[in-house]
Amino acid sequence: MVDVVRVRNRMVDALREAGRVRSAAVEEAFRSVPRHLFLPGLAVSDAYADEAVAVQFSDGVATSSASQPSMMAIMLEQLDLKPGHRVLEIGAGTGYNAALMARIVGPAGAVTAVDIDEELVDRAAGHLESAGVDGVELVVADGAEGYPSGAPYDRIVLTVGSDDVLPAWVAQLAPGGRLLLPLAVRGSQLSVALDLGVDGVLRCDSVRSCAFIRLRGTAASAETSRIVDGLGVALQTPDDAPEPDLAAAARALADPGEQRTAPVRLGAVDVWDGFGLWLALTEPGVCRLLAVRPDTPLADHLLPLGATAGTVALSAGGGLAAVVPVESRGCGAADVAVREFGRDARALADRLLAALDAWAAAGRPGASDWRLTVVPVGVDAPALPAPQVIVKRHCRVLAEPPRPQQRG
Ligand SMILES: C[S@@+](CC[C@H](N)C(=O)[O-])C[C@H]1O[C@@H](n2cnc3c(N)ncnc32)[C@H](O)[C@@H]1O
């Protein structure tokens, strides 16, 4: 018979060793809440693997999942829960994260978890009961409105991706409260821990890269990936960018030009974090090229997709310049070059090469090196030295670049 406690402790030991679990409170919660009871029907070893587990699909696309334990640990550390805290979770899913949080806030605290899907909420209620977890109120609701009747909350956490910081969440935070959410930032998704100040500004000193299912309902995210006809490639543009000209992109990609070597190596993560995020926050016209199906062989001139099945590019005026792996399509980090596609791509390629240089000179910063400040509409922005500004419907996100001297 499987020794469930041993398997669970092995998962937690690995999370500790990897630095994902750092505090005693988060460690204790992971050691005591039985994840396998929130994933009935799954083998115990699979329930304790460090993987996300999709639990609901619509048209072949996952609409709910038990998140990857590593990511859950990172976010629970970002959330900094204390005994007695009142917490709202948007995206109850299986109920596992709510159970972990209930364990940390204890009997003096309270966790309310909402999900837009009634069937999922019913199932989560069964999981919580079988795990013997008290202290979680489950609600069927569109989390875009928060859950006003339980407000104010010391912590509000979304375990589902959002394009924006919605007014209801800010309004339902207690003074000094923290809002943690996977936020779309120029095509990447970042887990940002935002502390509400007395001036109404939300300041963040903890940013992590993440990849969550996106919100359904009234605040559903706009689709940002569009398939380029006939090439097996999708073009992803930032949520705040104008609609791309797909016909022009197809023409450019069918017309590969000169390639120049860059002085850096890049890995898969750098499409979204690392260099990809740097480029998206510092240059206009950023897009990502993604294989529609990563297992589909692509035309040779689409080598920009390389081993990672995705790359970053700059596009403007019918031309495109993309980061290209110069080695084979193997795995891991690769030496890269910048390749021109279509007419008039020379200036774009120059900009891309200069951005690679600047990123390397800054110490290859990643998501956690950026400082973000969220200014809700109607609130005055604080004075910051030359931040990048991302304008959303309900807020502005100010991104301060990493300071080179902070890095070794
Ligand atoms: C990644 S899953 C959350 C995992 C969950 N925290 C757990 O521990 O299992 C994202 C969840 O967000 C829910 N969701 C999507 N849009 C929502 C909305 N507008 N309001 C509330 N929940 C939503 C989905 O139904 C899905 O269950």
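Before reading on, note that the structure itself is shown above.
So, a few notes on the structure that sits alongside this text. (Residues numbered from 1 in each chain as written. Predicted model: local features only at pLDDT ≥ 70, side-chain atom pairs only at ≥ 80, totals over all residues. Heavy atoms only, no water.)

1. Regarding the packing of aromatic side chains
No. 1: On inspection of all chains with the given rule, the structure shows four aromatic pairs.
No. 2: Between the aromatic rings of F38 and Y96, the centroid separation amounts to 5.6 Å while the plane-to-plane angle is 50°, which identifies the pairing as tilted. With a gap of 58 residues between them, F38 in the loop between α2 (24-32) and α3 (44-47) and Y96 in helix α5 (residues 96-105) connect regions that are remote in the sequence.
No. 3: Residue classification places Y96 among the buried positions, given a relative accessible area of 2%.
No. 4: Cluster of aromatic residues (ring-pair linked, three or more members): F30, F38 and Y96. (Phe/Tyr/Trp six-rings, centres within 6.5 Å; stacked < 30°, edge-to-face > 60°. Helix = DSSP H or I, 4+ residues; strand = E, 2+ residues; numbered from the N terminus. Buried < 20%, exposed > 50% of the residue type's maximum accessible area, 1.4 Å probe, protein only.)

2. Concerning empty space enclosed by the protein
Any empty space left between the atoms is revealed when a probe the size of a water molecule rolls over them.
No. 1: In total, this model carries three cavities of 30 Å³ or more according to the counting rule given.
No. 2: Approximately 350 Å³ is the volume attributed to the largest cavity.
No. 3: With four residues, strand β2 (residues 61-66) is the single largest residue contributor to the lining of the largest cavity.
No. 4: For the lining of the largest cavity, the residue count by class is 13 nonpolar, 11 polar and five charged.
No. 5: A volume near 170 Å³ is recorded for the second largest cavity.
No. 6: Every residue lining the second largest cavity is counted, 19 residues in all, and those nearest its centre are L266, G267, T308, G310 and V336.
No. 7: Where the lining of the second largest cavity is concerned, the elements lending two or more residues are β14 (310-316), β15 (319-325) and β16 (334-341).
No. 8: Looking at the lining of the second largest cavity residue by residue, the class counts come to 12 nonpolar, six polar and one charged. (1 Å grid on protein atoms, 1.4 Å probe; cavity = no way out; pocket = protein on both sides within 12 Å on 5 of 7 lines; lining within 4 Å. Points joined across faces, edges and corners; volume = space filled by probe spheres on them. Nonpolar A, V, L, I, M, F, W, Y, C, P; charged D, E, K, R; others polar.)

3. Considering the pairing of β14
No. 1: Counting buried positions over the seven residues of β14 gives five, a clear majority of the element.
No. 2: Sheet topology places strand β13 (residues 286-291) next to β14; five bridges connect them, and they run antiparallel. In the strand pairing of β14, L289 is matched with T311.
No. 3: In terms of strand pairing, β14 meets β15 through four bridges, oriented antiparallel. Residue pairing across strands places L314 opposite A321, the latter belonging to β15.
No. 4: Where β14 folds back onto β15 in an antiparallel hairpin, the turn is made up of two residues, including G317, whose phi is positive at roughly 55°. (Pairing = 2+ DSSP bridges.)

4. Focus on the layout of surface pockets
No. 1: Computed from the structure, the largest pocket encloses a volume of approximately 910 Å³.
No. 2: Along the walls of the largest pocket sit 30 residues, with Q189, A211, F212, I213 and R214 positioned nearest its centre.
No. 3: Going through the elements one at a time, β2 and β8 (188-196) are the ones with two or more residues in the lining of the largest pocket.
No. 4: A per-class count over the lining of the largest pocket returns 12 nonpolar, 13 polar and five charged.
No. 5: In this structure, the second largest pocket spans a volume of roughly 460 Å³.
No. 6: Lining the second largest pocket are 28 residues, and of these T237, P242, G285, V286 and S315 lie nearest its centre.
No. 7: Elements that contribute at least two residues to the lining of the second largest pocket include exactly α8 (246-253), α9 (274-282), β13, β14 and β15.

5. A short note on the site of the ligand
No. 1: Taken together, 25 residues are adjacent to the ligand, and S64, T94, D115, G143 and R216 come closest.
No. 2: In this structure, G91 approaches the ligand through a main-chain N or O atom, which is 2.9 Å from a nitrogen atom.
No. 3: Between the ligand and the protein, one listed contact pairs a nitrogen atom with a side-chain N or O atom of T159 at 3.1 Å.
No. 4: Look at the ligand: alone it shows 610 Å² of surface, and the protein chains cover 99% of it.
No. 5: Judged by the proximity of its atoms to the pocket grid, the ligand belongs to the largest cavity.
No. 6: Of all the secondary structure elements, the ones that give two or more residues to the shell around the ligand are β2, β3 (86-90), α5 and β4 (110-115).
No. 7: Counting residues per element, the shell around the ligand draws most heavily on β2, at four residues. (Near = heavy atom within 4 Å. Polar contact = N/O pair within 3.5 Å; in protein donor to acceptor, adjacent residues only side chain to side chain. Areas by Shrake-Rupley, 256 points an atom, 1.4 Å probe, with all protein chains shown as cover. Sits in = over half its atoms within 2 Å of the grid points.)

6. Considerations on unusual backbone geometry
No. 1: Following A151, the chain continues into P152 via a peptide bond in cis, with omega recorded as 0°.
No. 2: As for its position among the elements, P152 is in the loop between β5 (136-140) and β6 (153-158).
No. 3: At D80, a position not held by glycine, the phi torsion is positive, near 55°.
No. 4: Residue placement: D80 occurs in the loop between α4 (69-79) and β3.
No. 5: Positioned with a positive phi, A386 is a non-glycine residue whose angle comes to about 45°.
No. 6: Considering the arrangement of structural elements, one finds A386 in the loop between β17 (371-376) and β18 (388-391).
No. 7: The exposed category is assigned to A386, whose relative accessible area is 64%.

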